[in-house]
Amino acid sequence: MSAMLEARDLTKRFGGLTAVDHASLAVEQGSITALIGPNGAGKTTFFKMLAGEIAPTSGEIDFKGERINGYGVARVSRLGIGKSHQITQIFPNLTVAENVVIPALAALRGGFRADIFGSVRRVGGLDELVERTLAQVGLLDRTGVRAGELAYGEKRCLEIGLALATEPQLLLLDEPAAGMSPTETAETVDLIQRLRATVTIVIVEHDMDVVFGLADNIMVMQNGATIAYGTPDVIRADARVRDAYLGGADDE
Amino acid sequence: MNFAHGGLFTVGAYAGWLAYTQYDSFALGIVAAIVVTFVLGVVIERILIRQYYARPKEDQILVTFGLGIVLVETVRAIFTAQNKLVPTPPWAEGSVQIADLVYPQYRLDVVGIVIVTLAVVWLIVFKTRLGLIVRAGIDDSLIVEMLGIDIGRAFMLVFALGAAVAGLAGFVDSPILALTPDVGTAVLVQSFVVIVIGGVGSFGGAIVGGIVAGEIISLTSVFAPDWAQVALYLAMALVLIVRPQGLLGVVGRA
Amino acid sequence: MILGPVGDRTGWKVEGATALFLVLFPALLALFGVGTDLGTRILILGLFGIGVDLIFGYTGLLSFGQAAFYGTGGFITANLLIHHNVPNALGALAIGTLGAALAGALVGSLALRQVGIYFAMLTLAFGQLFYFLENSPLRAYTGSENGLPGVPKAIFTAGPWTLDFSSSLGMYVFVAMIYFGGFFIARRIVRSPFGAVLRAIRENPERALAVGHRVPRYKLVAFTIAAAYGGLAGGLLGIFQGYMPPEAFTIDQSGEIIVMTVIGGPGTLIGPLVGAGVWTLLRQGLQNIDVIAGIWKLILGIVFVLLITGFRRGLVGAAIALAGRLRPAR
């Protein structure tokens, strides 16, 4: 079986700095893959390339057999790769429901339509998608609240909701639990467990309990390169990983 | 560069003109233009602009635009809308012949003043602690503040410095232009065009853009005077299509 | 139903209230001894401002070049009517509006390559391009600094019937009907899925793009629609005055419509009308007081700066906020 997403020899240079250096990753459909590594290892840059936010300097990305480098973030999103960001990126002056409507509109009615006399209520399936998404991220009782007024943890949930409402087949989660309380983190882990039935997931996360509890496969990056890849057991046993990361003082 | 610079240009021109004609000293005019607009810059930044650093870009544009109106209208209220004649200083009268071209002496002196000003600004931005703080502060103001540096003061000084340069420009330009309260607005738009042609955020680009713009206007004035101004803006459109970052601009700086 | 009417729970009340206001406005003005013509002028600016509000209040695009489209629409309409190229005012207005929209698409496709202050600078520069085009190369069609006099009034004939809007009140009725049409359409636009995406772009353009919307296209279409509103308003100005003034193309005109929109309240559609009313009536009032006749613009400038600093959502925005605060206490 061929991989759903395959990134080969991805490299990104910013001027003289090589942020990602020939990193490769294959993601099987239905799996959860975690990306870990010390700060500055190039995880976020690698992620941005997968989502089409930045173009790789060299290397290839195939998604469902289609070469997607250079597609740009909007087109990648419409193809089925959704991303939730490390730094919350919501629409602060829209209500929670309206926030989720925006990605849902892209999923249901495409990248652009000049339906200037249309009605939001007549977009087929919108209501169901928005309601399902809000229920998934636990914001069903907050629909009318201005998103900017949400508590921090709620904003993080909405952030994931925005990615989910694009109806992705592959979901990229960049530190979803960053700054969350232990309760919220546990809820987020539950959410991800439930999502794996329908969505393939790649996650960048610092919380090792989250990573080892969820992931089928783990990729370890250091200085822009992949230093290890395998199941959680393999990674735990890997001496290089222990040196570079797990045993290091860098853990946060 | 902001939308209040047109108004500051006007204020500098009138402040300089007042000092120059009262005391018959061009140098005093320069000092007055710089000091008045610098102080005005400090006051504006302290009272108004500082509230806007955390607000959306559009709000910053709106408030500087509004300030421009207030400055120009204040000048109009004090000095009336009538043209003021700013005489060329006696030491800069006459003209100079360079090869086959005859240039008014004053225009060459202005070039000199501009070069000196550019050099001073360049030194401040790239060679002093102040410039370093501001450039770092634009990238990451939190870190700079954590280092215990008063970034608010640095931003204020830079804003005031920008105001003073606009004021100085207004004064040295006034013997060439007819001095009216609206003089700044026209210059403001032209300098935007120069920036777009030369390249946003590029020191050298602004100079090259200025030269290119000047050439376009004077050349078209000879062949098709009706089109002189239009040609300048068409050139800007062409630059946008062919080289959106401007002639000397770097991709990603805009 | 989780959605409700997204973004707006006012139903048709706003349209109804606006229609009622338009009917009563001349009488209200008369109460204060102000002529109907001033009301017509306010409506024309209010219509122009709807376009500005669509791009600024809803999409977050601050353009300082809208006079280009006001002038373009105005001079196309005026030329068509003066030379009797089209049978009546509505046809001329339609073509003028279309011409302005085309100009908008052209300018937008270039200026929208930049964002923030550089976008604002570019629109200002393109506004000047149109001003200088009007001023010199195209003076045969624009009359340069003299403008175009002799624009015919709106009179429609069909067989034995004649509909004559040339009186002062008739002109008001004509402009008010078109204003209402423009307002009605704009309300539909902001409540459509298209409008929802525009607001998302205003709030966070990067995220709107990241969830899959082709943001540049939305911006361009919004900009083109705004230009069309400007063109329609410009055409009405020429018909209303019987004269198309070159000032329609100036920077001052571009700036004033921004100021009116911000004073009235961006993101409300009705805000620009309120702002235009405040601006026009204050100007009229201040000019009648001897001491401050010369500084009316200074006073309005100060009011403008204070409003953006303290009252970011303008008069209408403040009124809506106040009404919202009063409601729970009921």
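Residues numbered from 1 in each chain as written. Chains lettered and ligands numbered in written order. Predicted model: local features only at pLDDT ≥ 70, side-chain atom pairs only at ≥ 80, totals over all residues.

Now for the overall build of chain B. Helix and strand content of chain B: ten helices and two strands. Overall, chain B shows an N-to-C arrangement of helices and strands of α-α-α-β-β-α-α-α-α-α-α-α. In terms of overall dimensions, chain B is globule-like: its C-alpha atoms have a radius of gyration of 19 Å, near the 18 Å expected for 254 residues. Projecting the C-alpha coordinates of chain B onto the three principal axes gives extents of approximately 60 × 50 × 35 Å. Here chain B, with 254 residues, has 41% of them falling under the buried criterion. Looking at chain B alone, contacts between residues at least 24 apart form 68% of all its contacts between residues at least 6 apart. (Helix = DSSP H or I, 4+ residues; strand = E, 2+ residues; numbered from the N terminus. Rg over C-alpha atoms; globule rule 2.2 N^0.38 Å. Buried ≥ 20, exposed ≤ 12 C-beta atoms within 10 Å, placed from the backbone. Contact = placed C-beta atoms within 7 Å.)

On to the interface of chain C and chain A. Counting residues at the interface gives 29 residues for chain C, matched by 40 residues for chain A. In terms of residue count, the dominant contributor to the side of chain C that touches chain A is helix α8 (residues 193–203) of chain C (seven residues). Class assignment for the residues of the side of chain C that touches chain A results in 17 nonpolar, five polar and seven charged. (Nonpolar A, V, L, I, M, F, W, Y, C, P; charged D, E, K, R; others polar.)

A few words now on the sheet that holds strand β1 (residues 5–14) of chain A. Residue and element names in this part refer to chain A. What the four strands build is an open sheet, ordered β2-β1-β4-β5; its pairing is antiparallel. Among the strands making up the open sheet, the edge pair consists of β2 (17–27) and β5 (66–67). Bridge count for strand β4 (residues 58–63) against β5 is two bridges, and the pairing is antiparallel. Note on β5: the bridge partner recorded for Asp62 is Arg67. (Pairing = 2+ DSSP bridges.)

Residues and elements named next belong to chain A. Taking strand neighbours across the sheet as the criterion, the six strands line up as β6-β7-β8-β3-β9-β10 in an open arrangement whose pairing is mixed. Each edge of the open sheet carries a strand with a single partner, namely β6 (81–84) and β10 (225–230). For this sheet, the mean inter-axis angle between neighbouring strands, taken without regard to orientation, is 15 degrees. Inspection of the sheet shows strand β7 (residues 170–174) paired to strand β8 (residues 200–204) by five bridges, in the parallel sense. When the bridges of β8 are listed, Asp174 appears paired with Val204. In the packing of helix α5 (residues 152–164) onto the sheet, the strands contacted are β6 and β7, and the crossing angle to β6 comes to about 170 degrees. (Axes fitted to C-alpha atoms, helices over the stretch in contact; angles between N-to-C directions.)

All names here are of chain C. Here helix α3 (residues 67–82) crosses helix α4 (residues 89–111) at 145 degrees, and the two axes come no closer than 8 Å. Two packed elements cross with a definite hand, and for α3 against α4 that hand is right-handed. Contact with α3, carried on its side by Ala68, Phe69, Thr72, Gly73, Gly74, Ile76, Thr77, Leu80 and Leu81, involves Ala89, Ala92, Leu93, Ile95, Gly96, Thr97, Gly99, Ala100, Ala103, Gly104 and Val107 of α4 and no other residues of that element. Looking at the contact of α3 with α4, its residues break down into twelve nonpolar, eight polar and no charged. (Left-handed = near helix turned anticlockwise from the far one by under 90°.)

To continue, consider the interface of chain B and chain C. Contacts between the two partners involve 33 residues from chain B, matched on the other side by 34 residues from chain C. For the side of chain B that touches chain C, the elements supplying multiple residues, two or more each, are α3 (57–79), α8 (183–198) and α10 (228–242) of chain B. Top element by residues in the side of chain B that touches chain C is α3(B). It accounts for 14 residues. Considered class by class, the residues forming the side of chain B that touches chain C number 23 nonpolar, five polar and five charged.

Looking at the two pairs of chains with contacts, the pair that accumulates the most is chains A and C. Contact between chain A and chain B is absent, and the minimum C-alpha spacing across the pair is 12 Å.

This brings us to the nonpolar core. Core analysis: the largest hydrophobic core is formed by 254 residues, its most contacted members being B:Val193, B:Val196 and C:Ala125. Counting residues per element, this core draws most heavily on helix α10 (residues 215–241) of chain C, at 16 residues. In this structure C:Ala125 touches B:Val189, B:Phe192, B:Val193, B:Val196, B:Tyr233 and B:Met236, once residues within four positions along its chain are discounted. (Core = buried A, V, L, I, M, F, W, Y, C linked by C-beta atoms within 7 Å.)

Turning our attention to helix α12 (residues 271–287) of chain C. Residue and element names in this part refer to chain C. Helix length check: α12, at 17 residues, gives a terminal C-alpha distance of 24 Å against a target of 24 Å (1.5 Å per residue), a fit within 8%. Listing the buried residues of α12 in full gives Gly271, Pro272, Leu273, Val274, Gly275, Ala276, Gly277 and Trp279. Buried residues along α12 sit against α2 (36–58), α11 (251–264), α13 (296–310) and α14 (314–326). (Expected span 1.5 Å × (residues − 1).)

Another point: the pairing of β2(A). Residue and element names in this part refer to chain A. As paired strands, β1 and β2 are joined by seven bridges and run antiparallel to one another. Opposite Lys12, over in β2, you have Val20 as the bridge partner. As consecutive antiparallel partners, β1 and β2 are separated by two residues, and within that stretch Gly15 has a phi angle of approximately 60 degrees, a positive value.

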